[in-house]
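Now for the letters of each chain:
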Amino acid sequence: MTKDLNLSITEILQGYKDHHWTIQEITQGYIGRIKKLDPQVKAFLTYTFDEALRQAKEMDQTLVKNPKILDEKPLFGIPYAAKDLFSTKGVKTTAGSKIIENYISPYDATAISRIKRAGGILLGKLNQDAWGHGTSGENSDFPPTHNPWGLDYVPGGSSSGSGAAVSARMVPFATATDTAGSARCPASFCGVTGLKPTYGRVSRYGIISMASSLDSIGHITVSVEDAAKVLGVTAGHDNLDATTPKVDVPNYQEELNKIPKGLKIGVPKEYLEGVTPEVKSQLEKAIEEFKDLGFSLVEVSLPHTKLAISVYYIVQPAEVSSNLARFDGNRFGHERETFGDEAKRRIMLGTYILSAGYYDAYYKKAMQVRTLICRDFAEAFKKADVLIGPVMPHTAFKIGEKVNDPLLLYLEDVFTAPINLAGLPSLAIPCGFDQKKLPVGMQIIGPQFSENTLFQLGHAYQMKTNWHKEVPHF
Amino acid sequence: MSSSSKKGAPISLKKQTLSPQEVLHVASLANLKLSEKEVSLFQNQLSEVLDYVGQLQSVDTAGVPETSQVTGLESITREDKVELTSCLTQGEAVANAPKSENGYIKVKAIMKAK
């Protein structure tokens, strides 16, 4: 039994097949690791250890009687944790916010029930920027999560607990959401793999809404191979979410090594501007690795990149102001005064933007520029099959460094927000470290429903490099 | 995207995009009660954000259609049939209400009793 549990989902399952360990041993191992490390990392808001151990015991009994269940249920006996935006029946769901700090979900989100059906074992709910509002984790209404690669540093947000928990190997995978980088940013800052699927690929049912036209339901894992495995479970049309198109879910794992020859990788020139030299150099090294693998690189342009933040910080607060209107202290939660500052800011921004006299100048205009941003990508995908670029302009910053300047934090979303505006999928993978040994992440972006290709390329990169295997020690 | 241009920037003395009255008006539309300190803080922060996003004004969007969603789906319907698996019982539905009585959610009166 490996003490530091530096294991992928694939490795854990193989261990069950080979009788190296039992489900209870693995579950107990992760619980032990959480108990030891979480007081410093603060990735979790709620622990569900008792129920997890009960499930693990039952599953070990099932496994003995029916070993074939490992082929039937792709996540059988795999512990995981869920970002606190995901409804989990009978377990508190707080959205990282004091307003619903005691709210107990009466039902499971579709993503959660699919993971449950596939055999996943919930170990707890994860800390986050309240309501998904943030890029650092510091907007949690609870003490913020710390980066396992440097405890004084932010883990990124808004899925801060998800990134940190997987990075510290407290769980092999965690669910996340991504509205303008909220899965990719913590993955990048914490040195793990984060997937933002195509908008509508995974059902949003039961996940507390932030911006309904932008929210993507993703996850954070230790490898691309695992990311493909989890998406195979969560993806697919859901009757309960009318924004999930009826697009088939490929067998991502089977296709993983079938990378098409002659794949063209586009590098948007705007995505190499405004990054620190360390991020740029790691990205350039990654580009060389792709060239070594035999892929051709082409330069492309996404001319409206610099406008994406303005579009995003008009469209998103408008949708947020509508989605947070339900928190009126009647059916659940405390009164609206309990909202944190960032939530109040976004609600007011959205309300102002949608109010009479301002709708055309801001919201309508933003929706038009959103079309221009979508067109940028469509043009780029005529020249390239996928695009690669940085996730964040720099590596993790220190806790407290930017929290008093909301606009400064908004500018962090420069490379992530455009992807959400266009509804595209993007896979964030670690590609190196800076001089402080803080992780650097890159993202592989594709046309809608091209997750297969993203996985193939990302997996090829992870077979050639070892960045994703590095684990923080503290 | 360097942050050095933001460090030490003097507080703008020019007319803010938002006046305190507008902040209070928006807050009331959003059913948010703000303290005096919050009005002043948010006036500064929101004005700064609005100034930034206002740059879209100079973008030429003549003839460009609006994008409000990226799936292309329209008017998705389902059979008008009860699906018990996605229904809550009355007890479940009321369980999180701060105040409830006899299976009803209690709210503050919105009209004065005679």
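Worth saying up front: this structure is predicted, and the values here are computed from it rather than measured.

## Focus: the overall build of chain A
Right, so step 1: Summing up its helical and strand segments, chain A has 16 helices and 11 strands in all.
Right, so step 2: Relative to the compact-globule value of 23 Å for 474 residues, chain A shows a C-alpha radius of gyration of 21 Å, a close match.
Right, so step 3: Counting only residues that meet the buried cut, chain A has 67% of its 474 residues in that class.
Right, so step 4: Here the contacts in chain A between residues at least 6 apart in sequence split such that 77% fall between residues at least 24 apart.

## Let's talk about the pattern of salt bridges
Residues and elements named next belong to chain A.
Right, so step 1: Per the counting criterion, the structure on display carries 23 salt bridges over all chains.
Right, so step 2: Note that Glu273 is salt-bridged to Lys306, the shortest N-O span being 3.2 Å. Of this pair, Glu273 sits in the loop between strand 7 (264–268) and helix 10 (277–292) while Lys306 sits in the loop between strand 8 (296–300) and helix 11 (308–323), and the two are 33 residues apart along the sequence.
Right, so step 3: Looking at Glu273, the relative accessible area reads 41%, which means it is partly exposed.
Right, so step 4: Overall, the relative accessible area of 52% leaves Lys306 in the exposed class.
Right, so step 5: Here the salt bridges do not stand alone but share partners, grouping Glu51, Arg54 and Glu58 into one network.

## Let's talk about the packing of aromatic side chains
All names here are of chain A.
Right, so step 1: In total, this model carries 20 aromatic pairs over all chains according to the counting rule given.
Right, so step 2: Here the aromatic rings of Tyr80 and Phe173 are separated by 5.1 Å at their centres, their planes lie at 10°, and the arrangement is stacked. Of this pair, Tyr80 sits in strand 2 (residues 78–83) while Phe173 sits in strand 4 (residues 173–178); the two residues are 93 residues apart in sequence, bridging distant segments of the chain.
Right, so step 3: What makes Tyr80 buried here is its relative accessible area of 2%.
Right, so step 4: Taking relative accessible area as the criterion, Phe173 reaches 0% and is therefore assigned buried.
Right, so step 5: Taken together, Tyr103, Trp131, Phe327, Phe332 and Phe339 form an aromatic cluster joined through their ring pairs.
Right, so step 6: Note that Lys402 overlies the ring of Phe397, its terminal NZ or CZ placed 5.0 Å from the centroid.

## Some details on the packing of helix 11 of chain A against helix 13 (residues 360–383) of chain A
Residue and element names in this part refer to chain A.
Right, so step 1: The geometry of helix 11 relative to helix 13 is characterised by a closest axis approach of 9 Å and an angle of 125° between their N-to-C directions. Classified by the angle between their axes, helix 11 and helix 13 sit oblique to one another. Judged by the twist between their axes, the crossing of helix 11 over helix 13 is left-handed. Judged by residue contacts, Ala308, Val311, Ile314, Val315, Ala318 and Glu319 of helix 11 engage Tyr362, Tyr363, Ala366, Val369, Arg370 and Ile373 from helix 13.

## Let's talk about the packing of helix 10 of chain A against helix 16 (residues 451–464) of chain A
All names here are of chain A.
Right, so step 1: Close contact between helix 10 and helix 16 brings their axes to 10 Å; oriented N to C, the two are set at 100°. Classed by the angle they form, the pair helix 10 and helix 16 counts as roughly perpendicular. Listed contacts from helix 16 to Ala286, Glu289, Phe290 and Asp292 of helix 10 are Leu457, Tyr461 and Lys464.

## Section: the interface of chain B and chain A
Right, so step 1: Residue-level contacts link 50 residues of chain B with 68 residues of chain A.
Right, so step 2: Counting across the interface, chain B meets chain A through four salt bridges.
Right, so step 3: Note that Lys344 of chain A and Glu38 of chain B form a salt bridge whose closest N and O atoms lie 2.9 Å from each other.
Right, so step 4: Here chain B is connected to chain A by 18 residue pairs in polar contact (both at pLDDT 80 or more).
Right, so step 5: Of all the secondary-structure elements, those providing two or more residues to the side of chain B that touches chain A are helix 1 (20–29) and helix 2 (36–53) of chain B.

Here is what the cut-offs are and how they apply
- Residues numbered from 1 in each chain as written.
- Chains lettered and ligands numbered in written order.
- Predicted model: local features only at pLDDT ≥ 70, side-chain atom pairs only at ≥ 80, totals over all residues.
- Heavy atoms only, no water.
- Helix = DSSP H or I, 4+ residues; strand = E, 2+ residues; numbered from the N terminus.
- Rg over C-alpha atoms; globule rule 2.2 N^0.38 Å.
- Buried < 20%, exposed > 50% of the residue type's maximum accessible area, 1.4 Å probe, protein only.
- Contact = heavy atoms within 4.5 Å.
- Salt bridge = Lys/Arg side-chain N within 4 Å of Asp/Glu carboxyl O.
- Phe/Tyr/Trp six-rings, centres within 6.5 Å; stacked < 30°, edge-to-face > 60°.
- Lys NZ or Arg CZ within 6 Å of the ring centre and 35° of its normal.
- Axes fitted to C-alpha atoms, helices over the stretch in contact; angles between N-to-C directions.
- Parallel < 35°, antiparallel > 145°, perpendicular 65-115°, else oblique.
- Left-handed = near helix turned anticlockwise from the far one by under 90°.
- Polar contact = N/O pair within 3.5 Å; in protein donor to acceptor, adjacent residues only side chain to side chain.

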